[in-house]
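# Tertiary structure, described
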Amino acid sequence: MSRPSADNGLNGLRIAPATRRSDRFLASLADYKAVTFVSHVHPDPDALGSMVGLSHLVETCLGLPTRITRDGDICRAENRAMVDCLELELVPIEKIEWQPGEALVMVDSQPKTGRHTFGDGIPVHAVIDHHTTPGEVEGIPFLDVRRSLGATCSLVTRYLMEQDLRLPQRVATSLYYGIETELGGYPREASPLDDSALHYLYPQVDKDLIAKIKNAPLPDNFYEALLQALQSSFIYDSLMLSWIDDLANPELASQVVDFMVRHEGIEWAVCAGVHEDRMVFSVRTTAARAQAGEVLRQVLNRLGGKAGGHDRRAGGFLPLASTAASAIDGVQSEFRRRMLKALCIDDCRGRRLMPVRDMIQNINS
Ligand SMILES: [Mn+2]
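Attention in this report is confined to the structure presented alongside it. Please read all numbers here as calculations on a predicted model, not as lab measurements. The residue count restarts for each chain, going from 1 along the sequence in the order it is written. Predicted model: local features are reported for residues with pLDDT of at least 70 only, side-chain atom pairs are reported and counted for 80 or more only, and whole-chain, interface and lining totals are derived from all residues. Where side-chain values are given, they derive from all heavy atoms of the structure, hydrogens and water being excluded.

### Observations regarding the pattern of salt bridges
Condition: Salt bridge, as used here, is a side-chain nitrogen of Lys or Arg placed within 4 Å of a carboxyl oxygen of Asp or Glu. Partly exposed describes any residue whose relative accessible area lies between the buried limit of under 20% and the exposed limit of over 50%, with all areas from a 1.4 Å probe on protein chains only and scaled to the type maximum. Runs of H or I in DSSP of at least four residues are treated as helices and runs of E of at least two as strands, each being numbered from the N terminus.
Enumeration according to the criterion identifies 17 salt bridges in this entry. The closest approach of N and O atoms between R146 and D144, which form a salt bridge, is 2.8 Å. Pair check on accessibility: R146 and D144 agree, each one buried. In this structure, K214 and E180 form a salt bridge, with 3.2 Å as the shortest nitrogen-oxygen distance. Placement of K214 in helix 7 (residues 207–214) and of E180 in helix 5 (residues 169–182) is noted, with a sequence separation of 34 residues between them. Because the salt bridges share partners, they merge into one network encompassing R76, E78, D258 and R284.

And the structure:
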C-alpha cells in the first residue's frame, strides 16, 4: 500500500516518502479475507471507538468485511448509551466462529493481560494500543503501541487522517467520545497528537448525541454503590479507600472512584467491591509523576491477581477463594497493607470520611 514516490522538484530526483503506519497496517492485511476486531473485557469508549474507526479504515481502503466484538457485558450507563445512540453492532466474542483467512486485530489492549476471555489458540495479527502496562506482544506481525498517547482512538484518527478518508458522522462521534473520556480527569493524560485528533474530529461530531451519552440516566445500583462507598471510606494520609460489598456490575467501581478522587484532601482513590468470585479494583490519582497502572499491577500480582492501566487510572481484580465476610475482610486488610506500603504511607489508623455517629443520625432523622 505504499504511495507513489513524490517529486521533490529537485533535479528531477524522486524520493520515496517515509512509510506511514497506516500504510503499513493496511499492507499487512492485504492478503486476508476478513478482519475481526477485539478489545478488553467490558469495552470502554476508547476500545469501541477504536474498533469503529479501524473497521471504517479497513472497509474503505481494502474493501474487506469486518466484525466488531464485545468481550463481556457493557454495563456503565454512558457506555451503553454510546452503543445505543451510535447504533454500534457488536458481536459477543463467544459467538464468533473464527474462519481461515481472517485477521484478528486487538485494540486498546494487549494479549495475556488477563483482560480477555477468548482462547490463546487464535493468533493475533496486530496490536494497536496505548497502555503503559505491558502484555505479551512478541512475534505479533503488526504492532503500534504508543504509551505517550492519551487514547487509542487518537492513534486510529491519525490513521484515518493519513488516508484522507471522509468520516461518517457516527465514526467521527465514536472516536471523539473515545478520546474525550480517556482524557477526563485532572491532570490530563494527553499528548499533542490527542489534541490534534480532537480538533480534527470536532466539526464532524454530533454534539447533541455526545451530550445525550454523557448524561445517560443512571440506575438505582449506581446510587447504592455510591452510598456504600461513602459509608465505608477511610482516608489514610493522601489515599482514600472505599469498599462496596456487592458490585451489581464490575464497572461500578470505576464509576464511583471517578467521584471519590475529587476529595480535596487526597491524591489517590481506590474503590473496590465484590463481583461474582472476584474482588474488582479501580484506582485514580492526581499525583504528579504517579504510575497508577504499575502500582496496582505490582500490588495485585503479588496477591495472585491482575491489573493494568495508565499513569492516572488503573483497574484490576483478585480471584476470591471464598466470598464469606471473614475471607473478604482478610483480603481487604492485605490489600490495604500492601497499597499503603506501595505509596509509602505509614500504616496508620485511617480516619473515616463520614463519622458513624453522623450516618446513624441521618438515618434516624
Ligand atoms: Mn484506552
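### Description of helix 10 (residues 292–302)
Selection criterion: By arc we mean the arc of the directions from the helix axis to the C-beta atoms, nothing more. Should any heavy atoms of two residues lie within 4.5 Å, those residues are considered in contact.
Those residues of helix 10 lying buried are A292, G293, V295, L296, V299 and L300. The buried residues of helix 10 all sit within an arc of 165 degrees when viewed along its axis, so they share a single face. Where the residues of helix 10 are buried, they touch strand 11 (268–275), strand 12 (278–285), strand 13 (306–309), strand 14 (313–319) and helix 11 (325–342). Residue G304 follows helix 10 closely and has a positive phi angle near 90 degrees.

### A look at unusual backbone geometry
The amide bond that connects Y186 to the next residue, P187, takes the cis arrangement and shows omega of -5 degrees. Along the chain, P187 turns up in the loop between helix 5 and helix 6 (192–201). Phi is positive for K112, close to 60 degrees, though the residue is something other than glycine. Among the structural elements, K112 can be located in the loop between strand 6 (102–107) and strand 7 (126–129). Notably, D237 is not glycine yet its phi reads approximately 55 degrees, a positive angle. For D237, the location among the structural elements is in the loop between strand 9 (234–236) and strand 10 (239–246).

### Remarks on the sheet that holds strand 8 (residues 142–145)
Applied cut-off: Any two strands between which DSSP finds at least two bridges are classified as paired. For helices, the axis comes from a line fit to the C-alpha atoms of the stretch in contact; other axes are also lines fit to C-alpha atoms, and the angle between any two N-to-C directions lies between 0 and 180 degrees.
The parallel open sheet is built from 6 strands, whose spatial order is 5-4-3-6-7-8. What marks the edges here is a single partner per strand, and that holds for strand 5 (91–92) and strand 8. Packed onto the sheet, helix 2 (residues 45–62) meets strand 3 (34–38), strand 4 (66–70), strand 6 and strand 7 and runs at close to 170 degrees relative to strand 4. Packed onto the sheet, helix 4 (residues 152–162) meets strand 7 and strand 8 and runs at close to 115 degrees relative to strand 7.

### Observations regarding the side chain of E251
What counts here: Charged-residue counts in this description rest on Lys and Arg as positive and Asp and Glu as negative, His and the chain ends being excluded. Identification of polar contacts relies on pairs of N or O atoms within 3.5 Å, with a donor-acceptor requirement for protein atoms, meaning one able to donate a hydrogen and the other able to accept it, and with residues adjacent in sequence counted only if both atoms are side-chain atoms.
Relative to the helices and strands, E251 resides in the loop between strand 10 and helix 9 (252–260). Buried charge without a partner: E251 forms no salt bridge, and the closest opposite charge is R76, 6.1 Å away. In this structure the side chain of E251 is engaged in a polar contact, spanning 2.7 Å, whose partner is the backbone nitrogen of C75.

### What about the pairing of strand 10?
For strand 10, the tally of buried residues reaches 6 of 8 residues, placing the bulk of the element in the interior. As defined by bridge partners, strand 9 adjoins strand 10 across 3 bridges and the pair is classed as antiparallel. By the bridge assignment for strand 10, Y236 is matched with L239. Looking at chain direction, strand 10 and strand 11 are connected through 7 bridges and run parallel.

### Let's talk about the packing of helix 10 against helix 11
We apply this condition: Crossings are sorted by hand: turned counterclockwise from the far helix by less than a right angle, the near helix makes the crossing left-handed, and turned clockwise it makes it right-handed. Gly counts as polar in this scheme, as do all residues outside two lists: the nonpolar Ala, Val, Leu, Ile, Met, Phe, Trp, Tyr, Cys and Pro, and the charged Asp, Glu, Lys and Arg.
With their axes 10 Å apart at the nearest point, helix 10 and helix 11 run at an angle of 140 degrees to one another. The two elements helix 10 and helix 11 meet at a crossing, and its hand is right-handed. Where helix 10 abuts helix 11, its residues V295, L296, V299, L300 and R302 lie against F335, R338, M339 and A342. In the contact of helix 10 with helix 11, the residues fall into 7 nonpolar, no polar and 2 charged.

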